[in-house]
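Listed below are the residues making up each chain.
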Amino acid sequence: MAWEGDYHLDYSCSGYMLDCIPGDLELHQALDDIDERLKQNAAGIEETVKELQSDLDKLCAGQKLEKNGDCLQWLNSSNCSSVKLFTTPCNQLTDFLKALLHFLKTEKGLEEMIMQLLLDLSSECGVVFPLTSCGASFHIPSTTSIHTVEDNGFLNALSMWDDVRLYLRRFIIDKLQNCQEINDVLPTIQLKTQCLQQLLFLYPETEVLTRYQNMQYQSVQDLLQNKVLINISEISFDEMTHGFEVMIPLVLTMMRQDLYALRTLAEDSKVQKFINDTYLQNIASELYILIEKFCEQQLKKNAMHSTKQLSTKANKYLNKQKRTVHSVVTQEQSKQIGNLDITTQQLRSLSQLIKILILLEKRMKELLSEVFLESTFTQQGRNVRGVLKKAPANIDMSSDMNKTCMQDDQLLFMAEYVSLECDWRNAFKELAHSAAYSVKMVIEEICSKYLEQETNLYNSGKSLAMCTQSVEAKWNQCTEKEPSKKVTKFCSDIMMDIDTLFPLALASNENFLQEIRENFVESYSKVAADVLSRLEERSKDVPSKVPVQNLYIILSTAIFVHNFLTKYENALKQTSKNRSLFLLPVQQYQEFIKVIQFQITSYNIRVCATSIFQDAQSHHWEDSKSFYEGERCSFSIQMWHYHCCALRHDLWSVVPSKIAQELLAEVLSETLSILASRYSQCCPTYKRTSQLRTDITAILLCTENLLWSVCQSAEELLQPLEDTSHWIFTIHNHCNTLLAALAVLTSPLDKLYEVFCGGFCEYDAAQPLKPVNCGLLEWLRWIQSSFSYELLSSPSCDKISVDQHLTLLLSQPRCDWNLLLQILILQDCLVPRILLNNMSTDPKNVVDEYIEEKQSALIEAIVMVMAYCKSLPKHLGIVLEGYMDKHQLWNKLCYLAAEDESDVPRCLKLFISKAIKPILKHVISLLHTWQALENPGTCHKQVPPESLLSKIPKEWDYVPREFKRREYGKNFTKHAAQVISVLIDNLPAIIVSIPSTIKYLFNLAEKKLMNNIPELINSYLLWYVITIFCRTLEDGNATELISGFTIDRWCKGKLELVSECLLNIMGQQKENPKPVIQKIINCLEKQRPKWIEGQLQNAKKFCSDSAFLTDKDSIAQEKDCMAELTEQKISMMLLDICHQPGGNEYLRQIYHIIQLNEDWLKEQIYSQDISHGFGTSQNPKQFILNGFHQPLMFNPMHVFNHIGSTNFNQDWLKEQIYSQDISHGFGTSQNPKQFILNGFHQPLMFNPMHVFNHIGSTNFNQSTITEWNWDWSKVLRSTLGLSQLTFRTLLANRWEMQAYSTLEAKEKDMIDHLQRMYFTEVKDN
């Protein structure tokens, strides 16, 4: 419905600020609103054209413009020049200018008032004031009379106008110079823009930009003098670098201010030329002088130590007009400059200086893109005099003079495209040869120095593993290559020192600087080759002279150097025509890395095969005596597990995560291959059969524990592919082979006979048809009962329990953010709910302020991360429901106590504040416009005196602002209604911009508060948004903080009025509402009947059923969502979270808390009806909010006596073995864990004793392994992956099949039957 009245709404702020993909309802509503706004705008344009046609009919007497198109065509043509412009009587004009000049000379502080008066005369009365004094006239369109202007009077008026302009120019220039001292960027830009607009009103654009450019140029010169050119008599690169480091941020701030101020006042090409000449070329010129002065000083120093004296000295001339530097240097001096000796320190300082200049270039391009991308939306305000009825400066001037003025303007500021260019590289032209030579010498010196140090240390007995340097890893989810964790110190020192010189090569993309880049590439390639040779030499000493840990350091160091090569290759390729500069070194390092990886795996495999597995006592299968009375597994198996754990710790601490996992997986797979082959071929006696069973059981338990560490995802664990996850695939195969050997060789004879008495064909036919690869996980079913039959028959990542995901996450070498996010959303966000439900909101329960701060930060992190998961709208409500029920926070959320700073309401307010911010800015902008019209004293303190107003020519028909303010005050209700209408019009847009997670949470709150506050049904979120909006309007500080505008008393009063109107519309009016409020609302209803109600209904529609589906559809959608929650979708969600404010830090905080409280969390998860394990520690675990998670140190005895982190408790396991299902390793605690909020996580050093006696976190309990409760009937009938040949081979190795075995009659009958069934047929064949 169109507005009825004499004003139209501004729809520039209307629209849907979508922060995510909209639903069907939101999209349909948005399209409908866009269509309605287009119609309204079209109606407004049509009405404006009609008004324009009426004005043109009066102006163009004798010419009838019948159609709207004729008006536009007439305006677009040159017909404007045919309009007769009549001048003002000279005596009236002279009297007015005399009055202006009199006030400027006699009264102080009236400049702003007079400037505003002139602007009003131009914009409202159409008076065109001349920009130049080359013969212009004051004129206005008129149809009444013509006055002839005498030459003397005209020249006198121009002279007085020049004096007025001069006074005003001085005042404006003073303001411009003073605004440089303002620290706040936004007010400075606004003030600069206003001053430049006023100057452009008084003077031509060319002259204004030239004078302002000179002023800014001088400001940059002053900065250079104060920061860089402090001691010009003795120049050093150190001081120069420090000076530029301090100056560049200040220059960038000035550039930012000028770009934003000039972008709406001049064309882009002129703005860029202004920045070029004022800043970039200015800096380049001064840098040229500095470098030339430095070279001269270096020549003098060289001359002092030489018998030859320079015959002439360089004469320098600086032309300040052209901003260029001319130097006269003799040919002999030029040759000497090219051979300057640059020290190592000078070269490093020079590199740091170039790095600063490169950053200046980068920031400059970003700033240019930022400013001019935004300016595309403000092109309509590009002409400062657009509000004025501008005409040619002088209609009566000759054509020659017009040509002259035009040519001058075009010569100074051409309209062609100008790019930003900073020619600072030219300043280093004379130093190029010397710098190139020094680069080569310095890099070679660095390499030789550190290689010599390494040789001395190595000869003194300190191996590479004893001299390492940790590499700082930055948090960056998008990093493609993970850096090494520890490298050799000598290599780290070499790379760091060379990296400080890399800016020299990076900046050398000019022809005269190419020598620097070439020398850098050549020298660095040589250094890389020398380092590689040293690493190859040291790798040959493993293990004969130094421990194997040196191989891990060598591998990590090689990867470290390779990453640097790749980094430099990519950086230099952009300016080297995509030519590969380090092709050979990169290939050499890639080959060397493969060789070291092979050396590491082959060494560990060889150690296991030739040393650890060579246990004659435990592998004496023909022995008629049992091994340790059948109460433990072989020592070799326990030592194998210990060795794998030690290898894992070493790799995790040094090598990048992915490579470390691949190496451990390969060693695990190859050693399992040896074990599978060995145990499949053994032929144990009766007494040794139990040892075989115990050994294989221990192997499978240890493998299950290690498997979590080598799998990077649940999909890789459950569905490994042979081509992409080869080692995981083979590990499963080897474990199934061991399971088959255990089943056939050690199962009771009667159970074996029952399954296989009918022949292998019947057994094979009885196997159920299963998906491909499902048999890979068969062994896990019998070792980890938490892997259910349903899961293994149709493996899927979403079927893994939360505690298993937690184990997978914390088994990784570093935090896997995809796994972390998956844990947070699994099983209805179980982990976040556990963490939140153990938080206290009562300050009495929090005795430490630091712990309270940590608790608050954790709550905020959980709430914000779940709110960022926009594709899962229900999860935030699921997480917060129990927490808010427990602590009774729903009422606090409803009543919005001003003093309440609870964590959850505070986080929700952040999203609402973000949604209302654009509308709030627009409302305040409207209020400022309203204020400028109603109260002219807000822009300037004085009102023009009557004596000055009386001198204004009558023909100009000027209406003083004071009279207009009175008239405008009569329309107070209408203008207030316009502000309210903007808010109501954008309410649906505000609701749509709020994330769906927040919408669902408020829908949940409606259900909770339905009985207490029935009026909030289907409108709680809308009510909350309006309440937050109104409280923001009433709080001046909050309004200024969100909008960035300064709020004075007048604006604050009007904002409070707007707030009361909104509350009244929502039915929350105060006890004694002001009469004007109802008047404003009635005005809105009169203009657009039932429009407010319709907008509120649209907003409510987005608050309710548009936020989520119905319960039935929602449940189905959630199930599909979890089933289709692929790694790619998780990655997309993670990327979205990381791009949100604070997303990275929130995830890091949550992971840190999970890492500190692993055992406590697992117990809490087990208490949620998750099946229990056995044998965990009896000590209660504590919840920790602070502390540090240290790298796991290897303790051999601990590994030997533990399975994971749990003791290998044989007696307890023996008692529990038949009383409960075995899942999750060995044993949970019998005592409940304590929940605490303070304490520090103790460093987990590698404890050999602990690792030796544990499998993971569980005790290495020999008794439990020995008496493992195998369900032989089910095991033998399971998918063992047996062929008939394999079964016969294993069957032949059973002790009952041996000739020396003593059997009972029943056993002998079964053996005879099996021999006839499986072996007689073979003999016959």
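Because the structure is a prediction, the values reported are computed rather than measured.

*Asks:* Whenever I open this one, the overall build of the chain confuses me. Can you help?
*Replies:* A count of helical and extended segments in the chain gives 54 helices and nine strands. In the chain, which comprises 1325 residues, the share counted as buried stands at 53%. Within the chain, contacts between residues at least 6 apart in sequence are counted, and of these 82% link residues at least 24 apart. For the chain, the exposed area adds up to about 61,800 Å²; of that, 51% sits on carbon and sulfur atoms.

*Asks:* Sorry if this is basic, but what is going on with the nonpolar core here?
*Replies:* As a rule of thumb, nonpolar side chains are buried together in soluble globular proteins. Formed by 363 residues in total, the largest nonpolar core has its most connected members in Phe244, Phe428 and Trp640. If near-sequence neighbours (up to four positions away) are discounted, tryptophan 640 is found in contact with Cys608, Ile612, Phe613, Leu668, Thr671, Leu672, Leu675, Ile699, Cys702 and Thr703.

*Asks:* It is not clear to me how the environment of isoleucine 275 should be interpreted in this structure. Could you clarify?
*Replies:* Here isoleucine 275 is to be found in helix H9 (residues 268-304). Isoleucine 275 sits 17 residues away from aspartate 258 along the chain, and the two C-alpha atoms are 8.2 Å apart.

*Asks:* Looking at this model, I keep getting lost on empty space enclosed by the protein. Mind explaining?
*Replies:* Rolling a probe over the atoms, with the probe sized like a water molecule, indicates the empty space that remains. Applying the stated criterion to the full structure yields five cavities of 30 Å³ or more. When the residues that make up the lining of the largest cavity are grouped by side-chain class, the tally is ten nonpolar, one polar and one charged.

*Asks:* What's the story with the packing of helix H36 (residues 972-985) against helix H42 (residues 1075-1087) in this structure? I'm lost.
*Replies:* When two helices pack together, their arrangement is given by the angle between their axes and by how far apart the axes lie. Where H36 meets H42, the axes come as close as 9 Å, and the angle between the chain directions of the two elements is 70 degrees. In terms of axis orientation, H36 runs roughly perpendicular to H42. Residue-level inspection shows Phe972, Thr973, Lys974, Ala976, Ala977, Ile980 and Ser981 of H36 in contact with H42, the latter providing Val1076, Lys1079, Ile1080, Cys1083 and Leu1084. The class makeup of the residues in the contact of H36 with H42 is eight nonpolar, two polar and two charged.

*Asks:* For this particular structure, what's the right way to read the packing of aromatic side chains?
*Replies:* To describe a pair of aromatic rings, one takes the distance between the centres and the angle between the planes. A full pass over the atoms with the stated rule returns 31 aromatic pairs. Aromatic side chains tyrosine 212 and phenylalanine 274 sit 5.5 Å apart centroid to centroid with 10 degrees between the ring planes, which places their arrangement in the stacked category. One end of the pair, tyrosine 212, is in helix H7 (residues 205-227); the other, phenylalanine 274, is in helix H9, with 62 residues separating them in the sequence. In this pair, the class of tyrosine 212 matches that of phenylalanine 274, namely buried. Relative to tyrosine 524, the ring of phenylalanine 520 has its centre 6.0 Å away and its plane inclined at 5 degrees; by these criteria the two rings are stacked. Of this pair, phenylalanine 520 and tyrosine 524 both sit in helix H16 (residues 514-539), separated by four residues, roughly a single helical turn. When sorted by exposure, phenylalanine 520 lands in the same class as tyrosine 524, which is buried. Among the aromatic residues, ring-to-ring pairing joins Phe502, Phe520, Tyr524, Phe560, Phe564, Tyr568 and Phe582 into one connected group.

*Asks:* So what exactly am I meant to see when it comes to the side chain of histidine 643 here?
*Replies:* Examined against the element boundaries, histidine 643 turns out to sit in helix H19 (residues 635-654). Residues within four places of histidine 643 in sequence aside, it is in contact with Asn604, Val607, Cys608 and Ile612.

*Asks:* Hey, could you run me through the pattern of salt bridges in this one?
*Replies:* Close approach of charged atoms allows side chains of opposite charge to pair. In the structure shown here, the tally under the stated rule is 31 salt bridges. Between glutamate 112 and lysine 175 there is a salt bridge, and its shortest N-O distance comes to 3.0 Å. Of this pair, glutamate 112 sits in helix H4 (residues 111-125) while lysine 175 is found in helix H5 (residues 151-179), placing the two residues 63 residues apart along the sequence. Each member of the pair, glutamate 112 together with lysine 175, is buried. In this structure, lysine 1274 and aspartate 1271 form a salt bridge, with 3.8 Å as the shortest nitrogen-oxygen distance. Exposure remark for aspartate 1271: the relative accessible area of 33% places this residue in the partly exposed category.

*Asks:* It is not clear to me how helix H47 (residues 1158-1166) should be interpreted in this structure. Could you clarify?
*Replies:* Each α-helix winds once per 3.6 residues, and so residues spaced three or four apart point in a common direction. Buried residues dominate H47, accounting for seven of its nine residues. Buried within H47 we find Trp1160, Leu1161, Lys1162, Glu1163, Gln1164, Ile1165 and Tyr1166. Elements that come into contact with the buried residues of H47 comprise helix H28 (802-810), helix H29 (817-837) and helix H46 (1143-1156).

*Asks:* Looking at this structure, how should I read a negative patch on the surface?
*Replies:* Among the surface-exposed residues, Glu46, Glu47, Glu51 and Asp55 lie close enough to one another that they form a single negatively charged patch. With respect to the element layout, glutamate 46 can be found in helix H1 (residues 24-59). Assessed through its relative accessible area of 43%, glutamate 46 is described here as partly exposed.

*Asks:* Explain a nonpolar patch on the surface to me, please; I cannot follow it from the model alone.
*Replies:* Together, Leu31, Ile34 and Leu38 give the surface a local cluster of nonpolar side chains, amounting to about 300 Å² of exposed area. Residue placement: isoleucine 34 occurs in helix H1. Here isoleucine 34 falls in the partly exposed class, since its relative accessible area comes to 48%.

*Asks:* It is not clear to me how the side chain of arginine 169 should be interpreted in this structure. Could you clarify?
*Replies:* Within the secondary structure, arginine 169 is located in helix H5. Residues contacting arginine 169, with those up to four places away along its chain left out, are Leu199, Tyr203, Glu207 and Arg211.

*Asks:* So what exactly am I meant to see when it comes to unusual backbone geometry here?
*Replies:* Trans is the prevailing form of peptide bonds, just as negative phi is the prevailing case for residues other than glycine. Going from valine 542 to proline 543, the amide bond is cis rather than trans, its omega being 0 degrees. Inspection of the secondary structure assignment puts proline 543 in the loop between H16 and helix H17 (549-573). Its identity as a non-glycine residue notwithstanding, glutamate 629 has a phi of 55 degrees, on the positive side. Considering the arrangement of structural elements, one finds glutamate 629 in the loop between helix H18 (583-612) and H19.

*Asks:* Explain H4 to me, please; I cannot follow it from the model alone.
*Replies:* With 15 residues, H4 ought to run about 21 Å at 1.5 Å a step, and its terminal C-alpha atoms sit 20 Å apart, in line with that. For H4, the buried fraction is high: twelve of the 15 residues fall into the buried class. Where H4 terminates, the next one or two residues include glycine 126, which has phi positive at roughly 75 degrees.

*Asks:* Where do I start with the packing of helix H21 (residues 686-710) against helix H23 (residues 726-746) in this structure?
*Replies:* Direction vectors running N to C along H21 and H23 enclose 160 degrees, while the axes themselves pass 10 Å from each other. Of the possible angle classes, the one that applies to H21 and H23 is roughly antiparallel. Crossing of H21 against H23: the hand is left-handed. Across the interface between the two elements, Thr689, Leu692, Arg693, Ile696, Thr697, Ile699, Leu700, Thr703, Leu707 and Val710 of H21 pack against Ile728, Ile731, His732, Cys735, Leu738, Leu739, Ala741, Leu742, Leu745 and Thr746 of H23. Each residue belonging to the contact of H21 with H23 can be placed in one class, and the counts come to 14 nonpolar, five polar and one charged.

Here is what the cut-offs are and how they apply
Residues numbered from 1 in each chain as written. Predicted model: local features only at pLDDT ≥ 70, side-chain atom pairs only at ≥ 80, totals over all residues. Heavy atoms only, no water. Helix = DSSP H or I, 4+ residues; strand = E, 2+ residues; numbered from the N terminus. Buried < 20%, exposed > 50% of the residue type's maximum accessible area, 1.4 Å probe, protein only. Contact = heavy atoms within 4.5 Å. Areas by Shrake-Rupley, 256 points an atom, 1.4 Å probe, with all protein chains shown as cover. Core = buried A, V, L, I, M, F, W, Y, C linked by side-chain atoms within 4.5 Å. 1 Å grid on protein atoms, 1.4 Å probe; cavity = no way out; pocket = protein on both sides within 12 Å on 5 of 7 lines; lining within 4 Å. Points joined across faces, edges and corners; volume = space filled by probe spheres on them. Nonpolar A, V, L, I, M, F, W, Y, C, P; charged D, E, K, R; others polar. Axes fitted to C-alpha atoms, helices over the stretch in contact; angles between N-to-C directions. Parallel < 35°, antiparallel > 145°, perpendicular 65-115°, else oblique. Phe/Tyr/Trp six-rings, centres within 6.5 Å; stacked < 30°, edge-to-face > 60°. Salt bridge = Lys/Arg side-chain N within 4 Å of Asp/Glu carboxyl O. Patch = residues over 30% accessible without salt bridge, like charges linked within 9 Å, V, L, I, M, F, W, Y side chains within 5 Å. Lys, Arg positive; Asp, Glu negative; His and termini not counted. Charge placed at Lys NZ, Arg CZ, Asp CG, Glu CD. Expected span 1.5 Å × (residues − 1). Left-handed = near helix turned anticlockwise from the far one by under 90°.

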